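# Report on the structure
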Amino acid sequence: MDTILGLLFVFLWASASTAAKYGFQAQPPLTVLSIRFAIAGALMLAWSYGIRRNTAVLRGRQWPQLAIVGLTNSTLFLGAAWLALREVSVGLYSLFLATMPFLVAILSSFWLSRQTTRNEWLGIAIAAAGLVVVAAPSLAASTATWQGLSLLVIAMLNQAIGSDISNALRCRCRAPSSTPGS
Amino acid sequence: MILGLIFLLPFAVALNGDAVLQATPQLVGGLGWSILMVSVIANALLFTMQKRDPLWASTWLLLALVFSYLQAALVLGEPIGAFDVIGSALVVAGLIVSGTIDLRRVAVAPAQRPPPR
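Residues numbered from 1 in each chain as written. Chains lettered and ligands numbered in written order. Predicted model: local features only at pLDDT ≥ 70, side-chain atom pairs only at ≥ 80, totals over all residues. Heavy atoms only, no water.

### Topic: the nonpolar core
Convention followed: Nonpolar core, defined: a set of buried Ala, Val, Leu, Ile, Met, Phe, Trp, Tyr and Cys residues in which side-chain atoms within 4.5 Å join the residues together. Each residue is assigned to one of three classes by its accessible area relative to the maximum for its type, calculated with a 1.4 Å probe on protein chains only: buried under 20%, partly exposed between the two thresholds, exposed over 50%. For helices the rule is a DSSP run of H or I covering at least 4 residues; for strands it is a run of E covering at least 2, with both sets numbered from the N terminus onward. Residue contacts follow a heavy-atom distance rule, with two residues in contact if any of their heavy atoms lie within 4.5 Å.
Ranked by size, the top nonpolar core spans 51 residues in total, and within it Trp82(A), Leu92(A), Tyr93(A) and Phe96(A) carry the most contacts. Of all the elements, helix 3 (residues 62-85) of chain A adds the most residues to this core, at eight residues. When near neighbours in sequence (up to four residues on either side) are disregarded, Phe96(A) contacts Leu131(A), Ala135(A), Leu149(A), Leu152(A), Val153(A) and Met156(A). Among the nonpolar cores identified, the runner-up in size contains 13 residues, and Ala14(A), Leu45(B), Trp60(B) and Ala64(B) belong to it.

Structure follows, in structure tokens:
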């Protein structure tokens with residue numbers, strides 16, 4: 001059962017970028033994203049506060065914490081990532097996103113003084129070579145642009161920094177609209 | 001997410017304020033799938049699975065990469081070249097060498113949520 005649920009999850013999770021790009025054929029990325037946030041946000045608010053009624057109303061310091069999550073996770077990450085997705089292939093986009101854990105590891109070694117092990121550096125070097133192997137031919141064939149790649153890296157940096165900030169703030173707010181990816 | 005929208009709106013208006021919305025199949029299909037299948041169903045699944053097993057997500061990320069390539073090829077007709085396969089293999093090898101993805105699922109690095117989609 002877990003395997004079936006897992007497969008279903010990965011299938012749907014992976015489909016997000018293809019679905020987004022399919023939508024870009026009709027409207028620019030930020031327009032599609034705005035409509036998505038509005039409808040999905042309204043659905044989740046209705047579910048949590050209207051139907052299940054099991055979510056506490058935010059108060060006091062939770063609001064700025066939620067605002068940081070909203071700004072980094074939703075606006076800046078998905079905003080920049082979707083702008084990038086218009087310029088690069090879905091495969092390249094997914095491959096870069098798969099390396100997010102490395103970025104988090106490198107950044108937290110800077111300011112959380114977490115030790116990066118030798119194996120981690122080795123893995124980072126191998127994966128970086130992989131990114132170059134995919135990105136370089138795409139740039140040469142103009143199926144990806146420098147602008148798109150830069151936006152993608154900016155999105156990932158923002159996401160890594162955002163997750164460090166919310167870890168630092170010990171953000172435990174679990175309002176419906178704080179859910180990443182939504 | 002509503003707060004995310006409020007922050008996003010100025011950018012969206014600045015870039016595409018003059019866009020005329022038309023309910024084309026691409027817009028309705030892409031948006032409908034993003035909202036229902038990804039925002040609602042996939043997030044609920046992720047939440048449920050991670051509650052059962054906090055270390056769960058990382059190994060599955062390998063498969064997400066494969067699915068992404070296949071879906072884009074099928075739906076959007078994006079080609080999958082030799083460089084894509086070689087580069088992806090290197091990235092996966094890097095994730096395994098670093099211990100980010102542990103195929104034996106022993107002593108996995110602290111669970112991270114996959115980046116939002």
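There is more to say after this.
### Quick look at the interface of chain A and chain B
Put simply, the test is: Buried area is a sum: the accessible area each of two parts loses on coming together, probed at 1.4 Å, counted once for each and added. When a carboxyl oxygen of Asp or Glu is within 4 Å of a side-chain nitrogen of Lys or Arg, the pair counts as a salt bridge. Contacts described as polar in this section are N or O atom pairs within 3.5 Å, which, within protein, must combine one atom able to donate a hydrogen with one able to accept it, while residues neighboring in sequence count only if both atoms come from side chains. Side-chain classes follow a simple rule in which Ala, Val, Leu, Ile, Met, Phe, Trp, Tyr, Cys and Pro form the nonpolar group, Asp, Glu, Lys and Arg form the charged group, and the remainder, Gly included, forms the polar group.
With 86 residues of chain A at the interface, the matching set in chain B holds 70 residues. Carbon and sulfur atoms supply 77% of the area buried between chain A and chain B, which totals about 7000 Å² over both sides. Viewed at the interface, chain B and chain A are joined by one salt bridge. Taking the shortest distance from any N to any O, the salt bridge between Lys21(A) and Glu78(B) comes out at 3.1 Å. The interface formed by chain A and chain B includes eight residue pairs in polar contact (both at pLDDT 80 or more). Put simply, the parts of the chain that give the side of chain A that touches chain B at least two residues each are helix 1 (2-24), helix 2 (29-52), helix 3, helix 4 (90-98), helix 5 (100-111) and helix 6 (118-140) of chain A. Per element, the largest residue contribution to the side of chain A that touches chain B is 21 residues, and it comes from helix 1 of chain A. By residue class, the composition of the side of chain A that touches chain B is 53 nonpolar, 28 polar and five charged.

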